[in-house]
Amino acid sequence: MKPEKNRKKRSYNRSESIECWLMLAPFLAFFVLFTVIPVLISLPVGFTDFDMINMPHFTGLSNFKNLFLSDRIFIRSIRTTLIFAIFSGPVSYVLCFMLAWLINELPKHLKTVFTLIFYIPSMASVYTVWQLIFSGDQYGYVNSVLMDLGILTSARQWLTDSRYILFVVILVQLWISLGAGFLALRAGFQNIDKSLYEAGAVEGIKNRWQELVYITVPAMKPQMLFAAVMQIVAAFTADIVGRNLVGFPSTDYAAHTVMTHAYDYGWVRYEMGYSSAICTVLFLVMYGVNKLITRLLAQED
Amino acid sequence: MTDVSKLKASSGRAGRKHGGTVCIFIFLLLLAVFMALPIYLAVVMSVKPSQEWFIFPPKFYAMDPTLDNFREMFRAAGQLWVPFSRYVANSVFVTAAVTLAQCFTASMAAFVLAKGKFRGSKFLNSVIVISLLYQSNVIYIVQYMVIAKLGMIDTYAALILPSVATPMGVFLMRQSISQIPDAMIEAAKVDGAGMFRTCWNIVMPNQKPALMTLMIFAFQSAWNIQSGSYVFDESLKTLPTAVAQAAASGIARQGVAMAAAVFMLIPPVIFFVAAQKNVIETMAHSGIKD
């Protein structure tokens, strides 16, 4: 045990260590200042009654008690977030991977075109268009087309009827979800060593499916993990799409996610302590899911 | 003999059937139509004259397309406190600074975190992932306090510096660099290259796809930086702020807002296409990595 420890210690070369820290320095300076410090100061706020005006007082676990014991809307928002995450997370992850792979099978110039078309939604903010598409009157594109085809006999209130709200918000969320993860996977596919495929062809790999399973997926682990983390964050912190599309608060709180609840208490009621407690709970859940998925992706090979 | 001819026919990729590729193309095309429809409608709405807004049934095209909405947007933006070109210049400067600084700092940090051997690298890696996962409203308040404490309110620094270090960028690059075989790094060391030279001369030229992807993210987020609560001096404000103001003031608001959204989308799209072309070109003539 002891000699091994010694060896480990010696394997850190002093001058290399110094060079490493020097190269990290520019990033770390900004990262600590604008991310780490704010996060560290934010963490304990959940245990206080901070309201942005008075000095915060330590209130122990009372925020968390209130959350789980007396905040019915919070409990509802957990359900909504889970439905949201289950539908938008894995579906969009599979979509990201599948589309990135299929695009990779196309000739060069088509690659750029399709990547652009699938990625544009995450660059644009065109909620107004979606509102027109799902507008509740006959001017809405969906209503108009469905009534023309005789599928619907009267206009549906897609954005205000609590039966449809969640479905519409998930659909739009999926539409914009081919973002960072998708692009990282595309880059990953481009970066795979071609000689691996040549070797595979020689060794008897017969079609693109086998190539995908035996060569591509194992070579793409790092990008797949990146995309997974991005999808987790996007799925669990979903909030903006709902607020922009169906308004805030939505009918019957149908699109009220945990993050929307945090927004409500933070920026509408200025109960930052409570809002922060909500974020802490969400973070713990995301951290757990992330651990699980990291383990899954690491084990696969 | 058959092996060789097979290899040549498929340029090294196993069993590519032409029909399969066509099927993939048709599938992607159908999906692309659905994906592009809202964007297409956004463009259509930005060129629709206001009298066409309430035609029934809603049309998928503009009967009498016009650039009035764009004209109105530029007119309204021209009436703001400072000339329109000033907002453009501010945004171009901020975007260029953030993109370059982000790529420079993130690449180096990612290389060190992926391949460097020093105490604390594991810890830093998990800090980066955790900071990605933790999101809270309070963070913005503390960030504001940090910026105010540093005396950066009403300077370009307030627009640029907070966006320089993004954990996402480092995470992306780190994942990609981790695929490079250690042997390559060791070989560079044997040749006498330090970490810094190994990073820029040997690793980065191999990381074009990831680097280009990072640039796309950086450009896109920087281009959308709003002056928000950090800058009150009108001459320092950025284009998104000016365009939002213009879109909120005109008469035919919906049309102008749509024109503003379409207008703001053009530079990131051009940048995206240029960067993606580069990603795909790299693949075509380099089979580096051993």
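Our subject is the structure listed above.
Residues numbered from 1 in each chain as written. Chains lettered and ligands numbered in written order. Predicted model: local features only at pLDDT ≥ 70, side-chain atom pairs only at ≥ 80, totals over all residues. Heavy atoms only, no water.

Q: Pulling in residues and values, what's your account of the overall build of chain A?
A: Secondary structure summary: chain A contains 15 helices and 0 strands in total. For 301 residues, the compact-globule formula gives about 19 Å, and the C-alpha radius of gyration of chain A, at 24 Å, lies well above that figure. Taken along its principal axes, the extent of the C-alpha atoms in chain A is 65 × 60 × 30 Å. The burial tally for chain A puts 53% of its 301 residues in the buried class. Carbon and sulfur atoms form 64% of the exposed surface of chain A, whose accessible area is close to 14400 Å². (Helix = DSSP H or I, 4+ residues; strand = E, 2+ residues; numbered from the N terminus. Rg over C-alpha atoms; globule rule 2.2 N^0.38 Å. Buried < 20%, exposed > 50% of the residue type's maximum accessible area, 1.4 Å probe, protein only. Areas by Shrake-Rupley, 256 points an atom, 1.4 Å probe, with all protein chains shown as cover.)

Q: Can you explain the interface of chain A and chain B? Please cite residues and give values.
A: Contact with chain A, which involves 105 residues of that partner, is made by 110 residues of chain B. Overall, the association of chain A and chain B removes approximately 9700 Å² of surface from exposure, summing both partners, and the carbon and sulfur fraction of that is 75%. Contact with chain B buries surface across chain A, with M23, F34 and Y141 of chain A losing the most and accounting together for 8% of the total. E16 of chain A is the partner of K189 of chain B in a salt bridge, and the nearest nitrogen-oxygen pair spans 3.0 Å. Where chain A meets chain B, there are 17 residue pairs in polar contact (both at pLDDT 80 or more). Broken down by element, the side of chain A that touches chain B gets its largest block of residues, 20 residues, from helix 2 (residues 14-42) of chain A. Of the residues that constitute the side of chain A that touches chain B, the class distribution is 71 nonpolar, 21 polar and 13 charged. (Contact = heavy atoms within 4.5 Å. Buried area = accessible area lost by both parts, 1.4 Å probe. Salt bridge = Lys/Arg side-chain N within 4 Å of Asp/Glu carboxyl O. Polar contact = N/O pair within 3.5 Å; in protein donor to acceptor, adjacent residues only side chain to side chain. Nonpolar A, V, L, I, M, F, W, Y, C, P; charged D, E, K, R; others polar.)

Q: How would you summarise the nonpolar core if you had to cite specific residues and measurements?
A: Membership of the largest hydrophobic core comes to 167 residues, with the highest contact counts inside it found for F118 and F182 of chain A together with L28 and F111 of chain B. A per-element tally of this core places helix 13 (residues 253-284) of chain B first, with 12 residues. Ignoring any residue separated from it by four or fewer positions in sequence, one finds L28 of chain B in contact with L99, L102, I103, L106, F114 and F118 of chain A. Ranked by size, the runner-up nonpolar core spans 21 residues in total, among them I141, V146, M152 and L159 of chain B. (Core = buried A, V, L, I, M, F, W, Y, C linked by side-chain atoms within 4.5 Å.)

Q: If you had to explain the environment of L95 of chain A to someone new, which residues and values would you point to?
A: Residues and elements named next belong to chain A. With respect to the secondary-structure elements, L95 resides in helix 4 (residues 72-104). Residue classification places L95 among the partly exposed residues on the basis of a relative accessible area of 23%. C-alpha of L95 to C-alpha of S42: the two residues are 53 residues apart in sequence and 35 Å apart in space. Not counting residues within four places of it along the chain, the set of residues in contact with L95 comprises A100 and L178.

Q: Tell me about the pattern of salt bridges, residues and numbers included.
A: Here the structure, examined in full by the defined rule, presents 11 salt bridges over all chains. Notably, a salt bridge pairs E186 of chain B with K117 of chain B, separated by 3.6 Å at the nearest N-O pair. With E186 of chain B in helix 9 (residues 182-190) and K117 of chain B in the loop between helix 4 (84-115) and helix 5 (121-133), this pair connects stretches of sequence that are 69 residues apart. Residue classification places K117 of chain B among the partly exposed residues on the basis of a relative accessible area of 36%. On the basis of relative accessibility, which here comes to 34%, the residue E186 of chain B falls in the partly exposed class. Each of E16 of chain A together with K117, E186 and K189 of chain B takes part in one network of salt bridges that share partners.

Q: Quick one: what's the story with helix 10 (residues 194-202) of chain A, residue by residue and with numbers?
A: All names here are of chain A. Taken together, the buried positions of helix 10 are occupied by Y197, G200 and A201. Down the axis of helix 10, the smallest arc covering the buried residues is 100 degrees, so these residues share one side. Once helix 10 finishes, G204 follows within two positions and takes phi at roughly 105 degrees, a positive value. (Arc of directions from axis to C-beta.)

Q: Residues and numbers for the side chain of Q173 of chain A, please.
A: With respect to the helices, strands and loops of the structure, Q173 of chain A is situated in helix 8 (residues 165-176). Setting aside residues up to four positions removed in sequence, Q173 of chain A forms contacts with F84, S88, A234, A238 and V241 of chain A.

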